[in-house]
Amino acid sequence: MGILEKIADIEQEISRTQKNKATEHHLGLLKGKLAKYRAELLDVSTGGAKGEGFDVLKSGDARVALIGFPSVGKSTLLSKLTGTTSEVASYEFTTLTCIPGKFMYQGANIQILDLPGIIQGASEGKGRGKQVISTARTSDMILMMLDSTKSHAQRAQLEKELETVGIRLNRKIPDIYYKVKKGGGVSYNPIVKQSYLTEKLVTEILHQYRVFNAEVLVRQDVTVDEFIDVIVGNRIYLPCLYVYNKIDEITIEQVDKIAREDNTLVVSVEQDLNLDELKEQIWKRLNLLRIYTKRASEYPDFDEGLILRSGATVETACHSIHRSLVDDFKYAAVWGTSTKHNPQRVGAQHKLENEDVIQIFKK
Ligand SMILES: Nc1nc2c(ncn2[C@@H]2O[C@H](COP(=O)(O)OP(=O)(O)OP(=O)(O)O)[C@@H](O)[C@H]2O)c(=O)[nH]1
Ligand SMILES: [K+]
Ligand SMILES: [Mg+2]
């Protein structure tokens, strides 16, 4: 039996099995097996999926991947936002490769990738699915474009394709410490009460992956799927914005209903509706910091700024100003929300926040 058939079998068995306390353990094991076959299929663990993506040079401060079914308006958006031309047409699969473009927002240079439309079964290699998904894995954020005139089910279908290949949307990395050991068996330590995991289930799932000695420290109440994610590894956690396009074709009541959903924005790319808000929402989800630098007895330069990743420290800022600055670094003065007083004298490990102003003092 091929892997695809094995996967289909297990999926069928999972959907046939009633979900209750008595079947929980069995279902957990099935999920473990399913994740294993999927990993084999995609070969992500061996790096097979790498390099299969479209080879587009990463440039700018962050990368956004446009994912959606055919003809939802992805290329129309790329052309509008970036001025790069990507062919737009009313027929499906107009775009057959990856077209990069970029736009500036809040001083950040944001790269956006227009990709071929994906179809159901993409995760198994249908269409250009594998390439699109591999490229999506290299991005910092997914912009999932949906057609607001079409069935609402499209969103769940696309989410499933991405889930299948280990992309987790708008979710945090489960707080589990997991380490494979040389001996001593499986040591399972839940720090908080678990609703789904048991020592037996954890041990048996690990056995499916031929892991017989490991330390598992679970620091939050997790689902079986979250546990499996940690075991399989190679998961990618990305922010996702759901963008419903073509609202010019639906009623105001319908627009209102869609707009109320989480992480969702309604737009009409063609009619220029809500595109400024779209840029703002992209910026927010990329979690970038804009930091201003200042010289002694001068005002900060609010036109120029450093664009850093969330979590960046004063040391990171030094690096992005000049390579050798860290060596000469004595201390920094910081004004902004990251400090108690303004200015505050801080060391290299001080964490910066958006819109902080920083002045570096050298030895
Ligand atoms: N009514 C309406 N039509 C739009 C809007 N945006 C794009 N379209 C139309 O939707 C069709 C598909 O647009 P594309 O940009 O080619 O869509 P795509 O998602 O890139 O399609 P593929 O590359 O084939 O996957 C075109 O006929 C566009 O004119 C919009 O806001 N409203
Ligand atoms: K199209
Ligand atoms: Mg296109």
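Looking up the chain in an unreviewed UniProt entry gives the name Developmentally-regulated GTP-binding protein 2, with the organism given as Zancudomyces culisetae.

Participant: Can you walk me through helix α6 (residues 199-208) in this structure?
Facilitator: For an α-helix, 3.6 residues make a turn, and residues three or four places apart therefore share a direction. Where α6 is concerned, the buried positions are L201, V202, T203, I205, L206 and Q208. Phi turns positive one or two residues past the end of α6, at R210, with a value near 55°.

Participant: Whenever I open this one, the packing of aromatic side chains confuses me. Can you help?
Facilitator: Aromatic ring pairs are reported here in terms of the distance separating the ring centres and the angle at which the planes meet. Applying the stated rule across the entire model yields two aromatic pairs. Ring geometry for Y292 and F302: centres 4.7 Å apart, planes at 75°, overall edge-to-face. One end of the pair, Y292, is in strand β12 (residues 288-293); the other, F302, is in the loop between β12 and β13 (306-309), with ten residues separating them in the sequence. Accessibility expressed as a relative area gives 5% for Y292, which makes it buried. Between Y331 and F361, the ring centres sit 4.7 Å apart and the planes meet at 15°, which makes this aromatic pair stacked. Residue Y331 is located in strand β14 (residues 329-335), and its partner F361 is located in strand β16 (residues 357-362); the two are separated by 30 residues in the primary sequence.

Participant: How should I be thinking about the sheet that holds strand β7 (residues 186-190) in this particular structure?
Facilitator: By definition, the strands of a sheet pair up through backbone hydrogen bonds, in either a parallel or an antiparallel sense. Pairing in this open sheet of three strands is mixed, and the strands run β6-β8-β7 from one edge to the other. A single partner strand is all that each edge strand has here, and the edge strands are β6 (176-180) and β7. On average, each strand axis in the sheet is tilted by 5° relative to the strand beside it, whichever way the strands run. Pairing geometry for β6 and strand β8 (residues 214-218), over five bridges, is antiparallel. Residue pairing for β8: K179 is matched across the bridge by E215. Those strands touched by α6 are β6, β7 and β8, and its axis lies near 135° from that of β7. Across the sheet, helix α7 (residues 224-232) touches β6 and β8, and the angle it forms with β6 is around 40°.

Participant: What am I meant to see in the side chain of T76 here?
Facilitator: One can find T76 in helix α3 (residues 74-82). Those residues in contact with T76, other than ones at most four positions away along the chain, are V88 and V269.

Participant: Just to check I follow, could you spell out the site of ligand 1 for this structure?
Facilitator: Lining the immediate surroundings of ligand 1 are 23 residues, of which K74, T76, T95, E249 and E270 lie closest. Here an oxygen atom of ligand 1 sits 2.8 Å away from a polar atom, N or O, in the side chain of T95. Between ligand 1 and S268, the relevant distance is 3.0 Å, taken from an oxygen atom to a side-chain nitrogen or oxygen of the residue. The protein chains hide 91% of the 660 Å² of surface that ligand 1 would expose on its own. It is α3 that provides the largest number of residues to the shell around ligand 1, a total of three residues. Classifying every residue of the shell around ligand 1 gives seven nonpolar, ten polar and six charged.

Definitions and cut-offs
- Residues numbered from 1 in each chain as written.
- Chains lettered and ligands numbered in written order.
- Predicted model: local features only at pLDDT ≥ 70, side-chain atom pairs only at ≥ 80, totals over all residues.
- Heavy atoms only, no water.
- Buried < 20%, exposed > 50% of the residue type's maximum accessible area, 1.4 Å probe, protein only.
- Helix = DSSP H or I, 4+ residues; strand = E, 2+ residues; numbered from the N terminus.
- Phe/Tyr/Trp six-rings, centres within 6.5 Å; stacked < 30°, edge-to-face > 60°.
- Pairing = 2+ DSSP bridges.
- Axes fitted to C-alpha atoms, helices over the stretch in contact; angles between N-to-C directions.
- Contact = heavy atoms within 4.5 Å.
- Near = heavy atom within 4 Å.
- Polar contact = N/O pair within 3.5 Å; in protein donor to acceptor, adjacent residues only side chain to side chain.
- Areas by Shrake-Rupley, 256 points an atom, 1.4 Å probe, with all protein chains shown as cover.
- Nonpolar A, V, L, I, M, F, W, Y, C, P; charged D, E, K, R; others polar.

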